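Here's the letter readout for the chains.
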Amino acid sequence: MANNVGNKLVIAISSRALFNLDESHQVFINEGLEAYSKYQIEHEDTPLEPGDAFPMVQKLLAINEMLDGEPRVDVILLSRNSADTGLRVFNSINHYKLKIARAAFTGGESPYRYIAPFSSHLFLSTDADDVRNALDNGVAAATLLTAKRDPSQQDQLRFAFDGDAVIFSDEAEQVYKQDGLDAFTKSEIASARTPLSGGPFKSFLAALQGLQQEFKGGECPIRTALVTARSAPAHERVIRTLRAWDIRIDESLFLGGLDKGQFLKAYGADVFFDDQQSHCQSAKDHVATGHVPHGVANKLLLDK
């Protein structure tokens, strides 16, 4: 990853994750590119409604106002629009007074190839193929799932993460998928003092912690939680792994297979990341949810 952004946290986000583009996208689906372009130009002075990631982006950018010196958070817009049709997106950014200055408009092609040059720690999109490409290139990425829900009303930004195949590798999950729960539990007990390998979101979590440390001695505007289907005794390896990485998580929920949705709502997550489609479906009506198409669970789905 390039180092020309210093110690900034960099988030790349698609225009459809930031804003609700359902209406104009339907024009594209029903009438084609020319009609879509005409529609966007005719409506370029009409602000778009906020999308699923909008509240999170607002809170991220607000952190820059809390710290002296250079901004510590940079949000990059990556869009399949052309610059011409994308003018409505930038006009909407200005309407909501979002301090987003950098963008790539790729004219219909996948924007994932610009994620690394922008030194992004995280990519959020509604396009699953773009997300998979980002993950394949070593960047934390998730497909945001749309659902009707009330955004969190608190000022603090709260991230929630699943463990296996998200923060951690899927090595333990492979045992569970292949040999079942008993084999998984025995393996985790035997490996309790052997740290797990890092998953696709390890670097993003570490970058978040770096930003949290800017607020030592005061109230931190970011909170993190691990929300996992693991339970005792499989919890120990997770705790020791985070300790070995020198990464601290504010809250840890070991749910033993319970539905995650209500717990995420109680925590007040602004966004939750999970590799399992079933967990994402149960969570998305409670909190903004990003599916991480990584690991053995998703490979098995693709192989079907």
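Shown above is the structure to which this text applies.
Keep in mind it's a predicted model, so treat the numbers as computed, not measured.

**Q** Can you walk me through the packing of aromatic side chains in this structure?
**A** Pairs of aromatic rings are described using the distance from one ring centre to the other and the angle between the two planes. Applying the stated criterion across every chain, the model contains 14 aromatic pairs. Seen in terms of ring centroids, Tyr176 and Phe184 are 6.1 Å apart; in terms of plane orientation they differ by 75 degrees. Their pairing is edge-to-face. Judged by its relative accessible area of 9%, Phe184 is buried. Counting every residue linked through ring pairs, the aromatic cluster contains Phe159, Phe161, Phe201, Phe204 and Phe273. Residue placement shows Lys202 over the ring face of Trp245; its charged tip is 4.4 Å from the ring centre.

**Q** It is not clear to me how the sheet that holds strand β12 (residues 289-291) should be interpreted in this structure. Could you clarify?
**A** If you trace the ten strands from one edge of the open sheet to the other, you get β5-β4-β1-β6-β7-β12-β11-β8-β9-β10, paired in mixed fashion. At either end of the open sheet lies a strand with only one pairing partner, and these are β5 (102-105) and β10 (251-254). Each strand axis lies, on average, 25 degrees off the axis of its neighbour in the sheet, ignoring direction. As paired elements, strand β7 (residues 140-145) and β12 share three bridges and run antiparallel to each other. Looking at β12, one finds that Leu144 is bridged to Gly290. Along the sheet, helix α6 (residues 128-136) makes contact with β6 (122-125) and β7, crossing β7 at roughly 165 degrees.

**Q** What should I look at first to understand the nonpolar core in this one?
**A** In a soluble, globular protein the nonpolar side chains are often hidden away together inside. Of all hydrophobic cores here, the largest spans 69 residues; its most connected members are Leu18, Ile100, Phe159, Phe161, Phe201, Phe204 and Phe273. Top contributing element to this core by residue count: helix α4 (residues 54-63), with six residues. Both domains that furnish three or more residues to this core are identified here as domain 1 (9-144) and domain 2 (157-291). In contact with Leu18, other than residues within four places in its own chain, are Ile13, Pro50, Gly51, Phe54, Val57, Leu77, Ile93, Leu98 and Ile100. Grouped together as the second largest cluster of nonpolar side chains are eleven residues, Val227, Tyr267, Ala269 and Phe272 included.

**Q** Before we go on, may I ask you to explain the packing of helix α2 (residues 22-31) against helix α3 (residues 33-42) in this structure?
**A** For any two helices packed against each other, one specifies the crossing angle of their axes together with the interaxial distance. Interaxial distance between α2 and α3 falls to 7 Å at its minimum, and their mutual angle equals 150 degrees. Taken as axis vectors, α2 and α3 run roughly antiparallel relative to one another. Considering the relative orientation of α2 and α3, their crossing is right-handed. Across the interface between the two elements, Glu23, Ser24, His25, Val27, Phe28 and Glu31 of α2 pack against Leu33, Ala35, Tyr36, Tyr39 and Gln40 of α3. Split into classes, the residues belonging to the contact of α2 with α3 amount to six nonpolar, three polar and two charged.

**Q** Teacher, can you tell me more about the side chain of Ser92 here?
**A** Tracing the backbone through its elements, the reader meets Ser92 in helix α5 (residues 87-95). A distance of 2.9 Å separates a polar atom in the side chain of Ser92 from the backbone oxygen of Arg88. Residue contacts for Ser92: discarding those within four places in its chain leaves Phe19, Thr46, Pro47 and Leu48.

**Q** I would appreciate a short explanation of the pairing of strand β8 (residues 157-161) in the present structure.
**A** Each regular strand shows side chains that alternate between the opposite faces of the sheet. The buried fraction of β8 is high, at five of five residues. As defined by bridge partners, β8 adjoins strand β9 (residues 222-228) across five bridges and the pair is classed as parallel. Bridging across to β9, Arg158 finds its partner in Arg223. Direction of pairing for β8 relative to strand β11 (residues 271-274): parallel, over a ladder of three bridges. Each bridged residue has a counterpart across the sheet, and for Ala160 the counterpart in β11 is Phe272.

**Q** Looking at this structure, how should I read a nonpolar patch on the surface?
**A** Together, Phe28, Ile29 and Leu33 line one region of the surface with nonpolar side chains, adding up to about 290 Å² of accessible area. Mapped onto the fold, Leu33 is located in helix α3.

**Q** Which parts of the structure should I look at to understand the pattern of salt bridges?
**A** Pairing between side chains of opposite charge can happen when the charged atoms of each approach one another. Within the structure shown, the criterion is met by 17 salt bridges. A salt bridge links Lys59 to Asp270, with the nearest nitrogen and oxygen atoms 2.8 Å apart. Of this pair, Lys59 sits in helix α4 while Asp270 sits in the loop between α11 (261-267) and β11, and the two are 211 residues apart along the sequence. The same class applies to Lys59 as to Asp270, namely buried. Arg248 serves as the salt-bridge partner of Asp250, at 2.3 Å between the closest nitrogen and oxygen. The exposure class of Arg248 is partly exposed, given its relative accessible area of 45%.

**Q** Got a minute to help me understand the packing of helix α7 (residues 171-179) against helix α8 (residues 181-190) in this structure?
**A** Where α7 meets α8, the axes come as close as 7 Å, and the angle between the chain directions of the two elements is 150 degrees. In terms of their interaxial angle, α7 and α8 are classed as roughly antiparallel. Crossing geometry of α7 relative to α8 is assigned as right-handed. Along its contact with α7, which presents Ala172, Val175, Tyr176 and Asp179, the element α8 presents Leu181, Ala183, Phe184, Ser187 and Glu188. When grouped by side-chain class, the residues that make up the contact of α7 with α8 number six nonpolar, one polar and two charged.

What counts, and at which threshold
- Residues numbered from 1 in each chain as written.
- Predicted model: local features only at pLDDT ≥ 70, side-chain atom pairs only at ≥ 80, totals over all residues.
- Heavy atoms only, no water.
- Phe/Tyr/Trp six-rings, centres within 6.5 Å; stacked < 30°, edge-to-face > 60°.
- Buried < 20%, exposed > 50% of the residue type's maximum accessible area, 1.4 Å probe, protein only.
- Lys NZ or Arg CZ within 6 Å of the ring centre and 35° of its normal.
- Pairing = 2+ DSSP bridges.
- Helix = DSSP H or I, 4+ residues; strand = E, 2+ residues; numbered from the N terminus.
- Axes fitted to C-alpha atoms, helices over the stretch in contact; angles between N-to-C directions.
- Contact = heavy atoms within 4.5 Å.
- Core = buried A, V, L, I, M, F, W, Y, C linked by side-chain atoms within 4.5 Å.
- Domains from an automatic or database assignment.
- Parallel < 35°, antiparallel > 145°, perpendicular 65-115°, else oblique.
- Left-handed = near helix turned anticlockwise from the far one by under 90°.
- Nonpolar A, V, L, I, M, F, W, Y, C, P; charged D, E, K, R; others polar.
- Polar contact = N/O pair within 3.5 Å; in protein donor to acceptor, adjacent residues only side chain to side chain.
- Patch = residues over 30% accessible without salt bridge, like charges linked within 9 Å, V, L, I, M, F, W, Y side chains within 5 Å.
- Areas by Shrake-Rupley, 256 points an atom, 1.4 Å probe, with all protein chains shown as cover.
- Salt bridge = Lys/Arg side-chain N within 4 Å of Asp/Glu carboxyl O.

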